[in-house]
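Coordinate analysis (summary)
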Amino acid sequence: LIDRMFKYEERLVPLKEISRRITGVAVHISEEEELLKKWKAKFQGRAKALFNKFGAEYFKSDEAAEMDLPKDNVDGGFQDRLKVVFSVQLACAYDVEECVNAATAKFDAYRRGSAEPKSEFKATILNTVMSKEYDENIESDWDWLWKKYTDDSTSASEKQTIYYALGLVQDDDKLLEFSNYCLDSSLVRPSDSLYILGRSITQTKKGRVVSWQFMQDMWTRITEEFTDALFAVDAYISGVLSNFANEGDLKDIEDFFADKMDSLGPGKAAYESALQSIKGNIAWLKKHKEAVKAFVADDEEDDEGDDD
């Protein structure tokens, strides 16, 4: 039903709800990398169609060739603008080539200082570039963006946009480097540290693995240094642990915290909630994984038939 609705729906609110549900499945299967790739590929064509219809004229590699974003007016310009932004976000998230290429060109212009990204697209541009396959160019882009984060002239809101993007980088060493920066208050604001560790870096499977290992290695230091930010410790515990989805990780987590329950304090509730999330993820996969596989496989068979 969601697939059929996504193919034909063009109203913004229903599109966002459909996208939310599709993303929900993606989160559940994020531990299954190949299945996740196939799931995203299944909806890529529709994301491309929406981008072509609503966003492509407003989001181009050559900014001079773009149309101006719709403005607020009595004829629904506000909704039209939101639909443009949504279509761009969706297309980049589903790796639509034209959108990714435009985001990359806009990032390059931003880095050169020749063009500041429109505020509506900035997070999408940074996230898209940082999510790309890691190579020397991405390493250089990451380092530049990191310097941007540490620049005193960068606003707090822009720092937040930047640190969420930095956490998407697909390299274990760079993610570990970023994690270690979070324990240096001269580099990362203490108010940002645990949110980076628990929410930014944990956005991907690779990041979750790095963050979980970092939590184990640095637990004593983290709990000692952030005793005055218990609410952030709660978010950190929840962010690192909640999206795991297999029995082996569940056991490792329970074993690690077995002798720490008395010292968790208010964090105990976040830990117990995370355990319930993991168990729920495991149960969801047991119930739905084969159906998702069949759904994707059926789509692949249709594609193969179309090629004949």
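Residues numbered from 1 in each chain as written. Predicted model: local features only at pLDDT ≥ 70, side-chain atom pairs only at ≥ 80, totals over all residues. Heavy atoms only, no water.

Once that is clear, we can look at the pattern of salt bridges. Tallied over the full model, the rule gives 26 salt bridges. Lys174 is the partner of Glu177 in a salt bridge, and the nearest nitrogen-oxygen pair spans 3.4 Å. Placement of the pair is Glu177 and Lys174 together in helix α9 (residues 172-181), with a separation of three residues, close to one helical turn. Taking relative accessible area as the criterion, Glu177 reaches 26% and is therefore assigned partly exposed. Overall, the relative accessible area of 4% leaves Lys174 in the buried class. A salt bridge links Lys293 to Glu290; the nearest nitrogen and oxygen atoms lie 3.8 Å apart. Placement of both Lys293 and Glu290 in helix α14 (residues 267-307) is noted, with a separation of three residues, approximately one turn of the helix. For Lys293, a relative accessible area of 36% corresponds to the partly exposed category. Note on Glu290: relative accessible area 53%, which makes it exposed. Each of the salt bridges in this network shares a partner with another, and the network as a whole consists of Glu63, Glu66, Lys106 and Lys118. (Salt bridge = Lys/Arg side-chain N within 4 Å of Asp/Glu carboxyl O. Helix = DSSP H or I, 4+ residues; strand = E, 2+ residues; numbered from the N terminus. Buried < 20%, exposed > 50% of the residue type's maximum accessible area, 1.4 Å probe, protein only.)

Mean pLDDT over the protein chain works out to 91, with 94% of the residues at or above the 70 mark. Confidence scores differ between elements of the protein chain, with helix α1 (residues 2-8) showing the lowest mean pLDDT of 74 and helix α6 (residues 122-130) the highest of 98. Long-range and interchain partners of residues 301-308, a stretch whose pLDDT sits below 50, account for zero contacts in this model, where long-range means more than four residues apart. (pLDDT = per-residue confidence, 0-100. Contact = heavy atoms within 4.5 Å.)

Which parts of space are left empty comes out when a probe the size of a water molecule is rolled across the atoms. Here the largest pocket defines a volume of roughly 1700 Å³. Lining the largest pocket are 38 residues; nearest its centre among them are Lys40, Ala93, Ser131, Leu168 and Thr204. Taken together, the elements giving at least two residues each to the lining of the largest pocket come down to α2 (12-28), α3 (33-55), α4 (77-93), α6 and α11 (205-225). The class makeup of the residues in the lining of the largest pocket is 14 nonpolar, 14 polar and ten charged. (1 Å grid on protein atoms, 1.4 Å probe; cavity = no way out; pocket = protein on both sides within 12 Å on 5 of 7 lines; lining within 4 Å. Points joined across faces, edges and corners; volume = space filled by probe spheres on them. Nonpolar A, V, L, I, M, F, W, Y, C, P; charged D, E, K, R; others polar.)

Counting residues in hydrophobic clusters, the biggest one holds 90 residues, and the most contacted among them are Phe59, Leu241 and Phe257. Top element by residues in this core is α14. It accounts for ten residues. (Core = buried A, V, L, I, M, F, W, Y, C linked by side-chain atoms within 4.5 Å.)

Turning our attention to the packing of α3 against α4. Helix-helix packing is described using two parameters, namely the angle between the two axes and the distance between the axes. Close contact between α3 and α4 brings their axes to 8 Å; oriented N to C, the two are set at 150 degrees. In this structure, α3 meets α4 at a crossing whose hand is left-handed. On the side of α3, the interface is formed by Lys40, Ala47, Leu50, Phe51, Phe54 and Gly55, while α4 contributes Lys83, Val84, Ser87, Val88, Leu90, Ala91 and Ala93. Split by residue class, the contact of α3 with α4 holds nine nonpolar, two polar and two charged. (Axes fitted to C-alpha atoms, helices over the stretch in contact; angles between N-to-C directions. Left-handed = near helix turned anticlockwise from the far one by under 90°.)

As a further point, take the packing of α6 against helix α7 (residues 136-150). The contact between α6 and α7 brings their axes to 10 Å, and the two run at 140 degrees. With respect to α7, the element α6 is oriented oblique. Facing α6, whose interface residues are Leu126, Val129 and Met130, α7 presents Ile138, Asp141, Trp142 and Leu145. For the contact of α6 with α7, the residue count by class is six nonpolar, no polar and one charged. (Parallel < 35°, antiparallel > 145°, perpendicular 65-115°, else oblique.)

Let us now look at a negative patch on the surface. On the surface, Glu133, Asp135, Glu136 and Glu139 cluster together into a negatively charged patch. Note on placement: Glu133 falls in the loop between α6 and α7. Note on Glu133: relative accessible area 72%, which makes it exposed. (Patch = residues over 30% accessible without salt bridge, like charges linked within 9 Å, V, L, I, M, F, W, Y side chains within 5 Å. Areas by Shrake-Rupley, 256 points an atom, 1.4 Å probe, with all protein chains shown as cover. Lys, Arg positive; Asp, Glu negative; His and termini not counted. Charge placed at Lys NZ, Arg CZ, Asp CG, Glu CD.)

On to helix α8 (residues 156-166), then. Three or more residues of α8 are buried, namely Glu158, Lys159, Ile162, Tyr163, Ala165 and Leu166. Seen from one end, α8 has its buried residues packed into an arc of 155 degrees, which puts them on one side. Summarising the contacts, the buried residues of α8 are in contact with α5 (97-112), α6, α7, α9 and α10 (190-200). (Arc of directions from axis to C-beta.)

This part takes up unusual backbone geometry. Residues apart from glycine generally show negative phi values, whereas peptide bonds are mostly found in trans. Within the chain, Asp95 stands out as a residue other than glycine whose phi angle is a positive 60 degrees. Along the chain, Asp95 turns up in the loop between α4 and α5. With a relative accessible area of 45%, Asp95 lands in the partly exposed category.

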